[in-house]
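# Survey of secondary and tertiary structure
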Amino acid sequence: MIAIHQQTGLDLFNPLQEILKKHLNLSAACVPSIDVPANARDPLRNQYNANAITHAITASRKFDLHLVVVDVDLYAPGMNFIFGQADPVSKTAVVSIYRLAGTRLNERLAKEVVHEILHLLGLSHCPDSDCIMYFSNTIADTDRKKVSLCNSCRRKLEAL
Ligand code: ZN
Ligand code: ZN
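Conventions adopted
- Residues numbered from 1 in each chain as written.
- Chains lettered and ligands numbered in written order.
- Predicted model: local features only at pLDDT ≥ 70, side-chain atom pairs only at ≥ 80, totals over all residues.
- Heavy atoms only, no water.
- Salt bridge = Lys/Arg side-chain N within 4 Å of Asp/Glu carboxyl O.
- Helix = DSSP H or I, 4+ residues; strand = E, 2+ residues; numbered from the N terminus.
- Buried < 20%, exposed > 50% of the residue type's maximum accessible area, 1.4 Å probe, protein only.
- Donors = N, O, S within 2.8 Å, 3.2 Å for Na, K, Ca; no water.
- Contact = heavy atoms within 4.5 Å.
- Pairing = 2+ DSSP bridges.
- Axes fitted to C-alpha atoms, helices over the stretch in contact; angles between N-to-C directions.
- Expected span 1.5 Å × (residues − 1).

## Examining the pattern of salt bridges
If you walk through the whole model with that rule in mind, you get seven salt bridges. The residue D130 makes a salt bridge to K146 at a minimum N-O spacing of 3.6 Å. Of this pair, D130 sits in the loop between α3 (105-120) and α4 (139-144) while K146 sits in the loop between α4 and α5 (151-159); the two residues are 16 residues apart in sequence, bridging distant segments of the chain. A relative accessible area of 33% means that D130 is categorised as partly exposed. Judged by its relative accessible area of 47%, K146 falls in the partly exposed class. For D141, the salt bridge is made with R144, and the minimal N-O distance between the two is 3.5 Å.

Below you can see the structure in the form of structure tokens.
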């Protein structure tokens, strides 16, 4: 069971529930949204540190896995921006729709969510640009890759 925390102006629970069921066979629970912690915002960058958001969830974890979906622009130290991040220790992933907007939102959201949840399940990045575990530097990377695993990553997941 995975808990979904939504912090966006859209209600994405139904599409997220479908994505998690279809691609990962995970059942989802809609749980109260979190407030993005004020200290997550870097005023100079006008972006939010993904680690601070993950840490805000860690204190109140009740489920095996947690997914936080936000609409603010995320960064990680050393990166200009990130689409999402996974913390395998707290089993919490955060994905932002900020850079996914457009007619392909649901497809992009599916790819970013599945990618981050697979990190939580133990997979790391893959050099195959078609594989869902390929690291997206740009939205074009996300749009090009498939929402499925390459054979090598599939074997790794089965062995976990
Ligand atoms: Zn990744
Ligand atoms: Zn792969």
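## Considering the coordination of the zinc ion (ligand 2)
Around the zinc ion (ligand 2), the protein contributes the donor atoms C126 (SG), C131 (SG), C150 (SG) and C153 (SG), at 2.3 Å from the metal centre. Read from N- to C-terminus, the donor residues coordinating the zinc ion (ligand 2) fall into the pattern C-x4-C-x18-C-x2-C. A residue pair is termed long-range when its members are at least 10 positions apart, and C126 in the loop between α3 and α4 and C153 in helix α5 qualify at 27 residues. The class of C153 is buried, set by a relative accessible area of 2%.

## Considering the environment of D141
Relative to the helices and strands, D141 resides in helix α4. As for D141 and S129, which are separated by 12 residues in sequence, their C-alpha atoms are 7.5 Å apart. Here D141 is in contact with Y134, F135 and S136, once residues within four sequence places are set aside.

## Some words on the sheet that holds strand β6 (residues 74-75)
Strand pairing in a sheet takes place through backbone hydrogen bonds and is either antiparallel or parallel in direction. The mixed open sheet is built from three strands, whose spatial order is β3-β4-β6. The sheet terminates laterally at β3 (41-42) and β6, the two strands that pair on one side only. One ladder, built from two bridges, connects strand β4 (residues 47-49) with β6; its direction is parallel. Residue pairing for β6: Y48 is matched across the bridge by L74. Its contacts with the sheet place helix α2 (residues 50-58) against β4 and β6, and it is angled at close to 50 degrees to β4.

## Comments concerning α3
If you check α3, its first and last C-alpha atoms are 22 Å apart, about what 16 residues at 1.5 Å a residue would give, namely 22 Å. Along α3, 14 of the 16 residues are buried, which leaves the element largely enclosed by surrounding structure. Downstream of α3 by a residue or two, G122 has a phi angle that is positive, lying close to 120 degrees.

## Examining unusual backbone geometry
For N46, which is not glycine, the phi dihedral falls at a positive 55 degrees. Take N46: it is sitting in the loop between β3 and β4. Despite not being glycine, K91 has its phi angle at roughly 55 degrees, a positive value. Following the sequence through the fold, K91 ends up in the loop between β7 (84-87) and β8 (92-96).

## Some details on the coordination of the zinc ion (ligand 1)
Around the zinc ion (ligand 1), the protein contributes the donor atoms H115 (NE2), H119 (NE2) and H125 (NE2), at 2.0 to 2.1 Å from the metal centre. Judged by relative accessible area, H119 falls into the buried class, the value being 14%.

This is a description of form; function is not addressed.
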